[in-house]
Amino acid sequence: MTTRKSPVIAFFPEASFGAALNCIGIAQALAKLGATPVFITHGGFTGVFSDYGFEEHYVEPSSASTIEETGRYWEEFLARHLPHFNLTPQQQLTTYVAPVWDAIVDTAVDLEQGLTHVLNQIAPDLIVLDNVIMFPAIARFGCPWVRIVSCAETEVRDANVPPYLSGLDPSEGLQIAEFNAEYLEAVDRPHKRYNTFRTHAGLAPLPAGEFLENSDDLNLLLAPSIVRFEREAPLEARRFSLLEGCVRDERPYQVPEFPANDGPLVYLSFGSLGSTDVQFLQRIIDAVATIPARFLVNVGALIESYSKVPDNVHLQDWFPQPSVIEQCDLFIHHGGNNSFCEALYFGVPSLVIPYCWDGHDTARRAVECGVGDRLDRWSMTDALLQEKITTLLDAAPMRARLQENAKAMQQKPGAMTAARKILDVLPANT
Amino acid sequence: MKTSNRPAAMAGKILDVLIDSGLAVGERLVENTLAEACHVSRTPIRNALQLLEQQGYASKAPEGGYVLARDPLTVRLDADMKTDPPEGVLVERVVRDRASRRLGASVTVSELSRRYNVPRAAAQNLLLDLKSKGIVDKADGQSWMFKQLMGEQSSQAHSFEFRLMLEPEAILSEGFRIEKNRAAVVRLQTEDLLARAENAIRLDEFRNADLAFHLLIARAVTNPYISETMTNHNQLRHLHGASHTISDFRMRQSLREHLRILDALEQGMPAVAADLMRVHLRMSKSNRPSVANRGAPAIMFAGRMQRT
């Protein structure tokens, strides 16, 4: 590796906005500290990072399918799986979690060669991986790598932490054992395939159910103190850094004028995946029409599918989220870790309506820690939704506590802490 | 159609005339001359001058009438005044309501009259105005159908394709000539925004500056058909109703691209300016994935959408 004045830090986030924007926050801080952050990106996600002024490197997949074909495949995949979002975490294991792990393993295999090529081109001094699976090209490249734990704190196991994706309480022993057994059985096939791939790529196999190891150098967790678990085996301070949120700089958002322009401001976003469920979002939009509040609703690319939107609702295909949350009184989201942490960072209560994956874990944690409430899709009624929203908008003590906590979080900005920790990992001659 | 925004629009036109004429601070603003230049009677000019006085651009002369109080070349043009469409407020509300799907695909005079609390005649005029702007078409019976708005994905893609065909070629067309005074104002406006701190440029300020730049190019074309088409399309684009977001980085990059195009034009290099315009328009087509999320096999998502 050549020695350069400004160390090159290559970020490889999963192609989700949560991971991507989280990495952008850290990259902005690294740039301020004199490093050169660059992004490695998948074909369907180019443009996101250059929009923030960062260099992008596109990974060519080995498969011959075009971007359009891949896009169509996933549209069909989602359409097939939308009904599964109404199932419980345990029911989702075979219907959703296992097929998704299968697809993630396919992707890791498909990108391995292209990723090796891109890494050789960039020759980074350090790689930051924000994903749920290890790409062997990264582990083998020969420079330090940092893991950003993409999901909720449950992704890093402990006896006092409920199982990842379970949405369970640590005290629910019997259910936990049952969930763990079903999880291992459900992901057995993709896990075996993945371990075979790892072994061929020169990496040691991982224990059952695991697809990503911790880094020997640095692991970053977005786990603000207010929602952090008391672990039986505390994480090793040398290798683990727990961040108080990790919020990027974003241009201030101008709240639009609503035809019904009164009342508190509520932001609703279920992420890009959630925005594909038009029927569910339309139902929520109809249900909030009678609430004396203004609703900003992230509907993603499918804005043209909506009709009869009430005067207290504004639809948009994309929001500069941190700036919106900063101005709102309640955030209704799917339990993505990034969204949850941003709500905490700005002292805004969360109403979590989980779809899948670690959203279930976040929903439970929001209630347990008194930072919001939850609503499950399978039992949601319009009346219950209206009641939860109204109650949270009136929850002055919760808001006061969250505002106090936000002040403390903002004094320890996670993005800058992460950037400094990353630079500390660099070899001395870099 | 009577709306509260008419004097503002006329005031914007008067400022345009003043910039072109090079009138100095302290000189008289002659109603007759302005009325002639703006092709209107003196009454709307008088109303607009009152507004200009409130805005600090004009001051009352001791002998009656108004004098120019601030040099339009040295001040940033008032954003609202410059960029609201002539029938402004109500048209914008309709477009915003349609973009946010509060209005259905078709509307009637009665519906608009009720919704916006205006007389039926005003609602009728509003629809005619929307039709003239290419936003609605008359359907059978009492209904008017919305066309695709410029803020919608497919329209944006078509708009970029159209502009890529037209704007670079327009720069190369015979007789193309930038008005120096107006270019100076656009440059000042742009440099003012670029001097702001990080994340301090508001989206509406950027969009106003963007419109001013592209209208400058449109006005520089001598072929009236091309000039009018470019003007109308850019005004329609500005009126798209959806409040899209653009990153601070891209806003600044885009503004710097405007300045480079102006540099090339001022240095007598239209071919370079045309190439830079092509690059500018392509750069503005930033891509974002339409679907991707954690918990799904996001790393293979490839659906994309075009954005301004």
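Residues numbered from 1 in each chain as written. Chains lettered and ligands numbered in written order. Predicted model: local features only at pLDDT ≥ 70, side-chain atom pairs only at ≥ 80, totals over all residues.

1. Re the overall build of chain A
Each helix and strand counted, chain A has 14 helices and 13 strands in total. Relative to its length of 430 residues, chain A is compact, with a C-alpha radius of gyration of 21 Å against a globular reference of 22 Å. Dimensions of chain A, computed from C-alpha atoms along their principal axes, come out at roughly 60 × 50 × 45 Å. For chain A, the share of sequence-separated contacts (at least 6 apart) that also reach a separation of at least 24 residues comes to 66%. (Helix = DSSP H or I, 4+ residues; strand = E, 2+ residues; numbered from the N terminus. Rg over C-alpha atoms; globule rule 2.2 N^0.38 Å. Contact = placed C-beta atoms within 7 Å.)

2. Focus: the overall build of chain B
Regarding its fold elements, chain B presents 13 helices and 8 strands. Considering chain B as a whole, with its 308 residues, one finds that 40% of them fall into the buried category. In chain B, 65% of the contacts between residues at least 6 apart in sequence involve partners at least 24 apart. (Buried ≥ 20, exposed ≤ 12 C-beta atoms within 10 Å, placed from the backbone.)

3. Some thoughts on the confidence of the model for chain B
All names here are of chain B. Of the residues in chain B, 82% reach a pLDDT of 70 or more, and the chain-wide mean stands at 81. When pLDDT is averaged over each element of chain B, helix H12 (residues 248–266) comes out on top at 94 and strand E8 (residues 304–306) at the bottom at 30. Here residues 75–87 is modelled with pLDDT under 50, and outside its nearest four sequence neighbours on either side it reaches 35 contacts, counting other chains as well. Below pLDDT 50 for its whole length, residues 287–308 participates in 98 contacts with residues either more than four positions away or in separate chains. Prediction confidence for the complex, expressed as pTM and ipTM, is 0.81 and 0.73 respectively. (pLDDT = per-residue confidence, 0-100.)

4. What about the packing of helix H9 (residues 180–194) of chain B against helix H10 (residues 203–219) of chain B?
All names here are of chain B. One way to put it is that H9 packs onto H10 with a least axis distance of 10 Å and a crossing angle of 155°. When the axes of H9 and H10 are compared, the pair comes out roughly antiparallel. Note on packing geometry: the crossing formed by H9 with H10 is left-handed. Taking contact as the criterion, the partners of Arg182, Ala183, Val186, Gln189, Thr190 and Leu193 in H9 are, on H10, Glu205, Phe206, Ala209, Ala212, Phe213 and Leu216. For the contact of H9 with H10, a count of residues per class yields 8 nonpolar, 2 polar and 2 charged. (Axes fitted to C-alpha atoms, helices over the stretch in contact; angles between N-to-C directions. Parallel < 35°, antiparallel > 145°, perpendicular 65-115°, else oblique. Left-handed = near helix turned anticlockwise from the far one by under 90°. Nonpolar A, V, L, I, M, F, W, Y, C, P; charged D, E, K, R; others polar.)

5. Considerations on the sheet that holds strand E6 (residues 143–146) of chain B
Residues and elements named next belong to chain B. Here 3 strands make up an open sheet; going across it, the order is E4-E6-E5 and the pairing antiparallel. Each having just a single partner strand, strand E4 (106–108) and strand E5 (136–138) make up the two edges of the open sheet. Strand-to-strand, the axes of this sheet are offset by a mean angle of 35°, without reference to chain direction. Of the pairings in the sheet, the one linking E5 to E6 comprises 3 bridges and is antiparallel in character. Following the sheet pairing, Lys138 is matched in E6 by Trp144. Docked against the sheet, helix H7 (residues 120–132) engages E5 and E6, running at close to 115° with respect to E5. (Pairing = 2+ DSSP bridges.)

6. Brief notes about unusual backbone geometry
Residues and elements named next belong to chain A. Although it is not a glycine, Lys308 adopts a positive phi angle of roughly 50°. Taking the number of C-beta atoms within 10 Å as the measure of exposure, Lys308 has 12 and is therefore exposed. One non-glycine residue, Trp357, adopts positive backbone phi at about 50°.

7. A word on the sheet that holds strand E12 (residues 350–352) of chain A
Residues and elements named next belong to chain A. As summarised here, the arrangement of the 6 strands in space is E10-E9-E8-E11-E12-E13, forming an open sheet in which the pairing is parallel. A single partner strand is all that each edge strand has here, and the edge strands are strand E10 (313–316) and strand E13 (372–374). Taking the axes of each pair of neighbouring strands and ignoring which way they run, one obtains an average angle of 15° across the sheet. In the sheet, strand E9 (residues 294–298) pairs with E10 via 4 bridges, with the strands oriented parallel. Within E10, the position partnered with Val297 by the bridge is Leu315. The sheet strands contacting helix H10 (residues 337–345) are strand E8 (265–269), strand E11 (330–333) and E12, and the helix crosses E11 at an angle near 175°.

8. A few points about the nonpolar core
Core analysis: the biggest nonpolar cluster contains 126 residues, and Ile127(A), Val128(A), Leu330(A) and Ile422(A) have the highest contact counts within it. A per-element tally of this core places helix H3 (residues 89–122) of chain A first, with 13 residues. Core analysis: the next-biggest nonpolar cluster, separate from the first, contains 29 residues, Phe176(B), Phe206(B), Ala220(B) and Leu262(B) among them. (Core = buried A, V, L, I, M, F, W, Y, C linked by C-beta atoms within 7 Å.)

9. Things to note about the pairing of E8(A)
Residues and elements named next belong to chain A. The buried fraction of E8 is high, at 4 of 5 residues. Where E8 lies against E9, 4 bridges are found, and the strand directions are parallel. From the neighbouring strand, Leu268 faces E9, where its bridge partner is Val297. Across 4 bridges, E8 lies against E11 in parallel orientation. Within E11, the position partnered with Ser269 by the bridge is His333.

10. With respect to the environment of Ser155(B)
All names here are of chain B. Secondary-structure assignment places Ser155 in helix H8 (residues 153–172). Overall, the presence of 17 C-beta atoms within 10 Å leaves Ser155 in the partly exposed class. Ignoring any residue separated from it by four or fewer positions in sequence, one finds Ser155 in contact with Gln148, Leu149 and Met150.

11. Here we look at the pairing of E6(B)
All names here are of chain B. Judged from the 3 bridges that link them, E4 and E6 form a sheet pairing that is antiparallel. Residue pairing in the sheet places Val107 in a bridge with Trp144 of E6. The antiparallel hairpin formed by E5 and E6 contains 4 residues in its connecting segment, where Gly141 sits at a positive phi of about 70°.

12. Here's the deal with the environment of Val348(A)
Residue and element names in this part refer to chain A. Summarising the element assignment, Val348 is placed in the loop between H10 and E12. With 297 residues separating them along the chain, Val348 and Asp51 place their C-alpha atoms 27 Å apart. Excluding anything up to four places from it in sequence, Val348 contacts Ile325, Cys328, Asp329, Leu330, Phe331, Ala343 and Leu402.

13. Details of helix H11 (residues 359–368) of chain A
Because the α-helix completes a turn every 3.6 residues, residues three or four places apart line up on one side. Residue and element names in this part refer to chain A. Within H11, 8 of the 10 residues are buried, leaving the element largely enclosed by the surrounding structure. Those residues of H11 that are buried lie in contact with H3, H10, E12 and E13. With its phi angle positive at about 65°, Gly370 sits one or two positions after the end of H11.

14. Focus: the packing of H10(B) against helix H11 (residues 224–238) of chain B
Residue and element names in this part refer to chain B. Interhelical geometry of H10 versus H11 gives an angle of 170° and a closest axis separation of 8 Å. The orientation of H10 relative to H11 falls into the category roughly antiparallel. Contact residues: Arg207, Leu211, His214, Leu215, Ala218 and Arg219 in H10; Ser227, Met230, Thr231, Asn234 and His238 in H11. In terms of residue class, the contact of H10 with H11 is made up of 4 nonpolar, 5 polar and 2 charged.

15. Thoughts on the environment of Ala10(A)
Residues and elements named next belong to chain A. Residue placement: Ala10 occurs in strand E1 (residues 8–13). Take Ala10: there are 25 C-beta atoms within 10 Å of it, and that puts it in the buried class. Separated by 47 residues in the primary sequence, Ala10 and His57 place their C-alpha atoms 9.4 Å from one another. Apart from the residues lying within four places of it in its own chain, the contact partners of Ala10 are Val38, Ile40, Ile122, Pro124 and Ile127.

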